[in-house]
Amino acid sequence: MTAFSSRIPAMDVLRGCAVMGILWMNIAAFALPEQAYFSPAAAGPLSGGDMLFWTLDFLLVDGKMRALFSMLFGASMLLLIDREEMAGRDGRRTQMIRSAWLFLFGFAHYLLLWWGDILMIYALVGLAALPFARMEPLALVKWAFLFFLAHFLVCAAFIGTLYAWSHAADAGAGFANFIASLSDPAHPAIQGEIATYRGNFAGIFAHHLALFGGQWSTTLPFVTLDTLGFMLLGMAMLKGGFLTGRWQAEQYWRTARHCFLIGLPPMAALAFWIISGGFAALTTLGSVLVWSFPFRIPLAVGWTALILWLFTQFGGRAFMTRIAAVGRLALSNYLGSSLVMCAVFYGWGLGLFGHVPHRLLPLFVLTTWALMLIWSPLWQRRFALGPAEWLWRSLTRGQTQKIRNSD
């Protein structure tokens with residue numbers, strides 16, 4: 001296995017951008033009913049600002065930041081295995097233990113804070129990615145695109161089933177109720193969710209516990225295959241030197257330009273189709289879940305290349321140093337942003353759930369980004385690990401790890 005540095009500055013910057021982008025991607029799901037994550041119409045009448053926010057999110061952020069995070073997770077698995085084996089330990093065994101604890105972190109995050117946790121998915125899919133770790137880059141890319149194809153077919157089959165149901169002779173009230181549950185703000189399911197998240201902590205906890213026993217497991221087929229594909233793609237990109245920031249600046253710029261030219265025009269066409277159709281439920285769900293997926297792949301790679309191009313140009317600047325600090329505390333920042341958002345929007349906090357329109361959500365994102373960029377470098381002046389990273393590493397090792405820089 002190729003030896004890598006345990007701390008790669010370019011990847012820290014990528015990880016910082018990813019965790020900040022994840023918050024932008026998820027903000028609607030923190031502040032509004034789940035259905036509004038897919039269709040803003042589920043939150044009520046839309047202004048021009050609401051549609052602009054949704055369009056920017058659909059074109060540039062939704063799915064792309066999770067893809068970037070997944071690629072980095074796959075690459076970090078290789079770094080961990082390499083580091084463990086260089087120290088004479090079993091890297092795969094360490095990764096399995098690490099995944100088990102990550103799953104428990106995610107489970108606690110899911111129950112106590114937010115239903116949209118991704119850590120449990122990463123823990124499970126990371127185990128599935130382990131057998132691919134020693135493959136050559138080209139083989140990893142081939143497998144990644146096979147999993148992308150499988151993901152597309154699974155999601156397309158689901159949407160196809162809904163279209164078939166819509167044209168069935170006996171569709172009737174059942175289908176109409178299903179469509180209303182996706183997009184009608186007055187539907188009991190949407191109103192019930194609003195009431196739940198404006199309620200107390202005990203009610204939200206009970207709701208999440210009930211979701212985990214049903215809805216969470218049924219969503220796995222729609223998030224595991226693409227996540228695995230992006231993890232394998234990240235492994236290939238690390239082995240090829242792409243993620244380490246060692247390519248020439250022109251190579252990164254050319255890659256970014258080509259990827260955005262490939263991905264953005266069809267995404268813009270889909271956005272126009274959705275908006276011109278008045279955010280029709282099946283059109284919107286199908287576009288977000290399926291038809292946009294092939295274009296998320298080049299856009300995720302394009303974002304990666306663009307960030308790395310900026311890193312090659314401005315890697316030593318103060319703002320890059322701050323973003324890298326955010327990336328080194330990615331787990332703490334991910335969980336911390338959930339805590340802040342839930343405290344703002346849920347009933348046990350400020351209770352703003354369902355009250356903030358899409359057009360105002362960037363204010364909450366930008367404020368939280370500022371907090372990340374301030375606290376992360378301040379913390380790292382005294383501590384080598386973030387609080388969540390320290391706990392995760394201590395549990396994985398089975399002993400308390402050093403955390404202070406002076407230790």
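Residues numbered from 1 in each chain as written. Predicted model: local features only at pLDDT ≥ 70, side-chain atom pairs only at ≥ 80, totals over all residues. Heavy atoms only, no water.

1. Quick look at the overall build of the protein
Part 1 of the argument: Within the protein one finds 19 helices and zero strands.
Part 2 of the argument: The C-alpha atoms of the protein give a radius of gyration of 21 Å, which matches the 22 Å a tight globule of 407 residues would have.
Part 3 of the argument: Summarising its shape, the C-alpha atoms of the protein cover approximately 65 × 45 × 40 Å along the three principal directions.
Part 4 of the argument: Counting only residues that meet the buried cut, the protein has 52% of its 407 residues in that class.
Part 5 of the argument: Look at the contacts in the protein between residues 6 or more apart in sequence, and 79% of them connect residues 24 or more apart.
Part 6 of the argument: Looking at the protein as shown, the accessible area adds up to about 17200 Å², and 68% of this sits on carbon and sulfur atoms.
Part 7 of the argument: Side chains of the protein give 27 positive and 18 negative charges; the mean places of these two sets differ by 11 Å. (Helix = DSSP H or I, 4+ residues; strand = E, 2+ residues; numbered from the N terminus. Rg over C-alpha atoms; globule rule 2.2 N^0.38 Å. Buried < 20%, exposed > 50% of the residue type's maximum accessible area, 1.4 Å probe, protein only. Contact = heavy atoms within 4.5 Å. Areas by Shrake-Rupley, 256 points an atom, 1.4 Å probe, with all protein chains shown as cover. Lys, Arg positive; Asp, Glu negative; His and termini not counted. Charge placed at Lys NZ, Arg CZ, Asp CG, Glu CD.)

2. What to know about the nonpolar core
Part 1 of the argument: Among the nonpolar cores identified, the biggest contains 116 residues, and Phe 58, Trp 114, Phe 230, Leu 232, Phe 345, Tyr 346 and Leu 361 are the most heavily contacted of them.
Part 2 of the argument: Setting aside residues up to four positions removed in sequence, Tyr 346 forms contacts with Phe 30, Leu 113, Trp 114, Trp 115, Tyr 197, Ile 204, Gly 351 and Phe 353.
Part 3 of the argument: The next biggest cluster of nonpolar side chains, apart from the first, holds 13 residues, and it includes Cys 155, Ala 171, Phe 175 and Leu 289. (Core = buried A, V, L, I, M, F, W, Y, C linked by side-chain atoms within 4.5 Å.)

3. Here we look at helix α16 (residues 318-328)
Part 1 of the argument: Regarding α16, the residues found buried are Met 320, Ile 323, Ala 324, Ala 325, Val 326 and Gly 327.
Part 2 of the argument: Here the buried face of α16 lies against α1 (9-31), α15 (293-314), α17 (330-345) and α18 (361-382).

4. Let's talk about unusual backbone geometry
Part 1 of the argument: Positive phi is not limited to glycine here, since Phe 279 has a value of about 55°.
Part 2 of the argument: Turning to its location among the elements, Phe 279 is positioned in the loop between α13 (249-276) and α14 (281-291).
Part 3 of the argument: By relative accessible area, which is 5% here, Phe 279 ends up buried.

5. Considering the environment of Gly 347
Part 1 of the argument: Along the chain, Gly 347 turns up in the loop between α17 and α18.
Part 2 of the argument: Classification of Gly 347 by relative accessible area gives partly exposed; the value is 27%.
Part 3 of the argument: Sequence separation of Gly 347 and Thr 196 is 151 residues, and the distance between their C-alpha atoms is 8.3 Å.
Part 4 of the argument: Beyond its immediate sequence surroundings of up to four residues, Gly 347 is in contact with Tyr 197, Arg 198, Gly 199 and Ile 204.

6. Details of the state of the cysteines
Part 1 of the argument: Enumeration according to the criterion identifies zero disulfides in this entry.
Part 2 of the argument: Not engaged in a disulfide, the cysteine Cys 259 finds its nearest cysteine sulfur in Cys 17; these two sulfurs lie 16 Å apart.
Part 3 of the argument: By relative accessible area, which is 11% here, Cys 259 ends up buried. (Disulfide = S-S within 2.5 Å.)

7. Notes on the packing of helix α3 (residues 48-61) against α13
Part 1 of the argument: Closest axis-to-axis distance for the α3/α13 pair is 9 Å, and the angle between their directions is 145°. The element α3 and its partner α13 pack so that their crossing is right-handed. Contacts from Met 51, Trp 54, Thr 55, Phe 58, Leu 59 and Leu 60 of α3 reach α13 at Leu 264, Met 267, Ala 268, Leu 270, Ala 271, Ile 274 and Ile 275.
Part 2 of the argument: Split into classes, the residues belonging to the contact of α3 with α13 amount to twelve nonpolar, one polar and no charged. (Axes fitted to C-alpha atoms, helices over the stretch in contact; angles between N-to-C directions. Left-handed = near helix turned anticlockwise from the far one by under 90°. Nonpolar A, V, L, I, M, F, W, Y, C, P; charged D, E, K, R; others polar.)

8. Side note on a nonpolar patch on the surface
Part 1 of the argument: Side chains of Leu 112, Phe 201, Leu 339 and Trp 348 sit close together on the surface and give an oily, nonpolar patch of about 350 Å² of accessible area.
Part 2 of the argument: Structurally, Phe 201 is set in helix α10 (residues 201-213).
Part 3 of the argument: For Phe 201, a relative accessible area of 36% translates into the label partly exposed. (Patch = residues over 30% accessible without salt bridge, like charges linked within 9 Å, V, L, I, M, F, W, Y side chains within 5 Å. Salt bridge = Lys/Arg side-chain N within 4 Å of Asp/Glu carboxyl O.)

9. Comments concerning α10
Part 1 of the argument: Across its 13 residues, α10 extends 19 Å between first and last C-alpha, which sits within 8% of the 18 Å expected from 1.5 Å per residue.
Part 2 of the argument: In the core, the buried residues of α10 are packed alongside α5 (91-112), α9 (188-197) and α11 (215-219). (Expected span 1.5 Å × (residues − 1).)

10. A look at the confidence of the model for the protein
Part 1 of the argument: Averaged over every residue, the pLDDT of the protein is 93; residues scoring 70 or more account for 98%.
Part 2 of the argument: Within the protein, the lowest mean pLDDT, 81, falls on helix α8 (residues 172-183), and the highest, 98, falls on α17.
Part 3 of the argument: Low confidence marks residues 1-5, where pLDDT is under 50. Its contacts with residues over four positions away, or in another chain, come to eleven contacts. (pLDDT = per-residue confidence, 0-100.)

11. Comments concerning the side chain of Glu 389
Part 1 of the argument: Here Glu 389 lies in helix α19 (residues 387-397).
Part 2 of the argument: Although Glu 389 is buried, it makes no salt bridge; Arg 15 carries the closest opposite charge, 8.2 Å away.
Part 3 of the argument: Looking at Glu 389, its side chain comes within polar contact range of the main-chain nitrogen of Ala 330, at 3.3 Å.
Part 4 of the argument: Excluding its chain neighbours within four sequence positions, the residues that come into contact with Glu 389 are Arg 328, Leu 329, Ala 330, Leu 331 and Ser 332. (Polar contact = N/O pair within 3.5 Å; in protein donor to acceptor, adjacent residues only side chain to side chain.)

12. Here's the deal with the packing of helix α7 (residues 137-167) against α8
Part 1 of the argument: Contact geometry for α7 and α8: axes closest at 9 Å, N-to-C directions at 135°. Put simply, α7 runs oblique to α8. Crossing geometry of α7 relative to α8 is assigned as left-handed. Contact with α7, carried on its side by Leu 162, Trp 165 and Ser 166, involves Gly 174, Phe 175 and Phe 178 of α8 and no other residues of that element. (Parallel < 35°, antiparallel > 145°, perpendicular 65-115°, else oblique.)

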